[in-house]
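Reading the structure
Spelled out from the first residue to the last, the chains are:
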Amino acid sequence: MQPQRNKGLAFIMNVIPGLGHYYWGRRGRALVYPVMFFGILMAAFVLAIASSDDEPLIFGIIVALFIWGISMLDLLIALLRYTPTRIVHDEYGRPMTVPQDKSEDSERFYTILLSIIPGLGHLHLGLMQRGLSFLISFFGLATILMFLTGLTHESVFLLFLGMLPIIWLYCMFDVVQLVHRKQAGELIKDRTLFEELETSREEGRRSKVFATLLSAFPGAGQMYLGLQKRGLQMMVLFLGSIYIMDVLRLTLFMFLIPLIWFYCFFDGLQQVSRYGREPLRDKPVIEGFVNHQKWLGLGLLLLGIYFIFTSVILPYLETLFPETHISYLIRNYVKTAIVSIVLIGGGIKLMLGSKKR
């Protein structure tokens, strides 16, 4: 007999191929699907590196996504065919198996299944405004970003596609909470996401789930919890680092970007865990910011001069001296000088700090 398990949880877990099958007790498929999925991706990656060509990697990703779709469809068919049972005793005291009433379980499963497309699960529950707000937020944002990318031919707008998984995950959490509240007999109000956030703000409450999801973007979770100074500094630090490294072509320091992201993300998780248990302090990441304004102003001034030089003066010099490759030489020497100054200055700072201690 199949143990009583949650269909919706099994389906969500199978986003990682095989994990949902393992939870549902299908051990063979739980081994085959992940081996095929990750094995194909790994083989395609190795072939792409060995051949210095992207085609094996692209083909491998397509095949892996096909395997992922088969895994999801296979589990979905198993979940739809499954009929829960329960053990009862007849008039003689003998145990017997009878089908279980599955109305609530089916409603919960179908609601979560429909929420794969953000908003459809809410519409299934009769929450028209809330469902439309999720549906428009998800597909509206994707459409606008694609439109801006095609109009301006700038791929930087595609970076904001990272907000789509946040909206999708929050939609899934929200619909699971609402369906449990409905089955518990609680009256559910059809309010849009923005109306609920405004109501929570007026009542002085914050959603920990929403704050956790916002923490995926550095500083956003902190600002939602009311830590404006800390969140703004983290956001400026993250986006400013990306911009400066892109303008100056400082690929050597690109490893700092994931470090900054992880620091901001885990800081957001810590603030969420403290919220409601102790008062939160809006402590800036960089203390004594006023004392560093001169250095920040000097850095912005130098960055502006460099940007004007590379955008206006350097192209003019290229037209005067086309055979000297002056653009390549200047960019290469400036990049080397900046990296050297940062490394030497950082080393001196650390040495002086250790002597003082």
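Anything mentioned here points back to the structure above.
Below, the structure is looked at part by part. Within every chain, residues take consecutive numbers counted from 1 along the sequence as written. Residues qualify for local features only when their pLDDT is at least 70, as the model is predicted, and side-chain atom pairs are given and counted only at 80 or more; totals for whole chains, interfaces and linings, by contrast, use all residues. Excluding hydrogens and water, the side-chain figures rest on all heavy atoms present in the structure.

**Describing the nonpolar core**
Here, the term nonpolar core denotes a set of buried Ala, Val, Leu, Ile, Met, Phe, Trp, Tyr and Cys residues that are joined through side-chain atoms within 4.5 Å. In this scheme, a residue with accessible area under 20% of its type's maximum is buried, one over 50% is exposed, and one in between is partly exposed, where area comes from a 1.4 Å probe on protein chains only. The biggest cluster of nonpolar side chains holds 17 residues, and the ones touching the most others in it are Phe-134, Tyr-170, Phe-210, Ala-211, Leu-214, Tyr-224 and Leu-225. Mapped by element, the contributors of at least two residues to this core are α7 (128–152), α8 (163–183), α10 (208–214) and α11 (220–224). A helix here means a DSSP run of H or I that spans at least four residues, while a strand means a run of E at least two residues long, and both kinds are numbered starting from the N terminus. By residue number, the principal contributor to this core is α8, which donates 5 residues. Among the nonpolar cores identified, the runner-up in size contains 10 residues, and Ala-10, Met-72, Tyr-82 and Phe-109 belong to it.

**Looking at the packing of α7 against α8**
An axis is simply a line fitted to the C-alpha atoms; with a helix, the fit covers only the stretch in contact. Between two such axes, the angle follows the N-to-C directions and lies from 0 to 180 degrees. The geometry of α7 relative to α8 is characterised by a closest axis approach of 10 Å and an angle of 165° between their N-to-C directions. The angle between α7 and α8 falls in the class roughly antiparallel. Every pair of crossing elements has a handedness; the one defined by α7 and α8 is left-handed. Of the residues in α8, those in contact with Arg-130, Phe-134, Ser-137, Phe-138, Leu-141 and Ala-142 of α7 are Met-163, Leu-164, Ile-167, Trp-168, Tyr-170, Cys-171, Asp-174 and Leu-178. Under the convention adopted here, Pro, Cys and the residues Ala, Val, Leu, Ile, Met, Phe, Trp and Tyr are nonpolar, Asp, Glu, Lys and Arg are charged, and Gly plus all remaining residues are polar. Here the residues of the contact of α7 with α8 are counted per class, giving 11 nonpolar, 1 polar and 2 charged. What sets the label is the angle itself: under 35 degrees gives roughly parallel, over 145 gives roughly antiparallel, 65 to 115 gives roughly perpendicular, and the rest give oblique. Take the far helix as your reference; a near helix turned counterclockwise from it by less than a right angle gives a left-handed crossing, and one turned clockwise gives a right-handed crossing. Residue contacts are defined here by distance: any two heavy atoms, one from each residue, within 4.5 Å place the two residues in contact.

**Focus on the side chain of Ser-241**
Along the polypeptide, Ser-241 turns up in helix α12 (residues 228–248). When its relative accessible area of 14% is taken as the criterion, Ser-241 is described as buried. Not counting residues within four places of it along the chain, the set of residues in contact with Ser-241 comprises Val-236, Ile-257 and Ile-260.

**Quick look at the packing of aromatic side chains**
Here the aromatic set is Phe, Tyr and Trp, taking the six-membered ring for Trp, and pairing holds for ring centres within 6.5 Å; pairs whose planes are under 30 degrees apart are stacked, those over 60 apart are edge-to-face, and all others are tilted. The full count for this structure, using the stated rule, is 8 aromatic pairs. When the ring of Phe-138 is compared with that of Phe-139, the centres are 5.1 Å apart and the planes differ by 80°; the resulting orientation is edge-to-face. Phe-139 gets classed as partly exposed once you look at its relative accessible area, which sits at 39%. Between Phe-217 and Phe-238 the ring centres are 6.5 Å apart and the planes differ by 75°, which places this aromatic pair in the edge-to-face class. Separated by 21 residues along the polypeptide, Phe-217 in the loop between α10 and α11 and Phe-238 in helix α12 bring together distant segments of the chain. An aromatic cluster is built from Trp-261, Phe-262, Phe-265 and Phe-266, whose rings are joined through pairwise contacts.

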